[in-house]
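Geometric and topological summary
Chain by chain, the residues:
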Amino acid sequence: MMNMIFCDLINEGNITIYMDDIAIHMRPRPGESDKEHVKQYRELVRHVLKRLKTNDLHLNLEKCVFEQDHLNFLGVCVGGGTVQMEQAKVN
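Residues numbered from 1 in each chain as written. Predicted model: local features only at pLDDT ≥ 70, side-chain atom pairs only at ≥ 80, totals over all residues. Heavy atoms only, no water.

Some details on the sheet that holds strand β4 (residues 76-79)
Strand-to-strand pairing in sheets goes through backbone hydrogen bonds, with the strands running parallel or antiparallel. What counts is decided by this rule: Whether two strands pair depends on DSSP finding at least two bridges between them. For helices the rule is a DSSP run of H or I covering at least 4 residues; for strands it is a run of E covering at least 2, with both sets numbered from the N terminus onward. Angles run from 0 to 180 degrees between N-to-C directions of axes, and those axes are lines fitted to C-alpha atoms, restricted for helices to the stretch in contact.
Read across the open sheet, the three strands follow the order β3-β4-β5; overall the sheet is antiparallel. Strands at the two margins of the open sheet, each flanked by one partner only, are β3 (70-73) and β5 (82-85). Averaged over all adjacent pairs, the angle separating strand axes in this sheet is 20 degrees, with direction ignored. Relative to β5, β4 runs antiparallel, the two sharing four bridges. Within the sheet, the bridge partner assigned to V78 lies in β5 and is V83.

As structure tokens, this is what we get:
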């Protein structure tokens, strides 16, 4: 269901979905300032939230984080151009 609702954004590479987990991510465009990038990111977040609402889907706010440089997603730490296993999973 989630893959159908967000298929265009998944194909664009702006979100990753696994079951009920959503990661929203986007790289800065060439020549884009940090301020412009944050604005574009926030517009994408609003767009995703609107689609969730339209489809009567809800978020658990305790699990939500926004505008992070690094993200732990499905046992993997992603950010700063790297992908690593979460340290707790390695130990």
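A word on the pattern of salt bridges
The line we're drawing: The salt bridge criterion pairs a side-chain nitrogen of Lys or Arg with a carboxyl oxygen of Asp or Glu, the two atoms within 4 Å. The rule is simple: take the accessible area with a 1.4 Å probe, protein chains only, and divide by the maximum for that residue type; under 20% is buried, over 50% is exposed, in between is partly exposed.
If you walk through the whole model with that rule in mind, you get two salt bridges. Between D8 and R51 there is a salt bridge, with its nearest N and O atoms 2.6 Å apart. In this pair, D8 sits in helix α2 (residues 7-12) while R51 sits in helix α3 (residues 34-54), placing the two residues 43 residues apart along the sequence. We classify D8 as partly exposed; its relative accessible area is 30%. In this structure R51 comes out as buried when scored by relative accessible area, which is 18%. Salt-bridge contacts for E67 lead to R42; the nearest nitrogen and oxygen are separated by 2.6 Å. Of this pair, E67 sits in the loop between α3 and β3 while R42 sits in helix α3, placing them 25 residues apart in sequence. According to the relative accessible area criterion, E67 is partly exposed, its value standing at 41%.

Some remarks on the environment of H70
Stated formally: Any two residues whose heavy atoms approach within 4.5 Å at even a single point are treated as in contact.
Tracing the backbone through its elements, the reader meets H70 in strand β3. You can call H70 partly exposed: its relative accessible area is 44%. Taking the C-alpha atoms as reference, H70 lies 9.6 Å from V83; in sequence the two are 13 residues apart. Each residue touching H70, except ones within four places of it in the same chain, is listed here: C77, V78, G79 and G80.

Describing the nonpolar core
Convention followed: Throughout, nonpolar core names a set of buried Ala, Val, Leu, Ile, Met, Phe, Trp, Tyr and Cys residues whose side chains join them through atoms within 4.5 Å.
Within the largest apolar cluster, 13 residues are counted, with the highest numbers of intra-cluster contacts made by F6, L9, I15, I24, L44 and V48. Breaking this core down by element, the ones donating at least two residues are α1 (2-5), β1 (15-18) and α3. In contact with I24, other than residues within four places in its own chain, are N14, I15, Y41, L44, V45 and V48.

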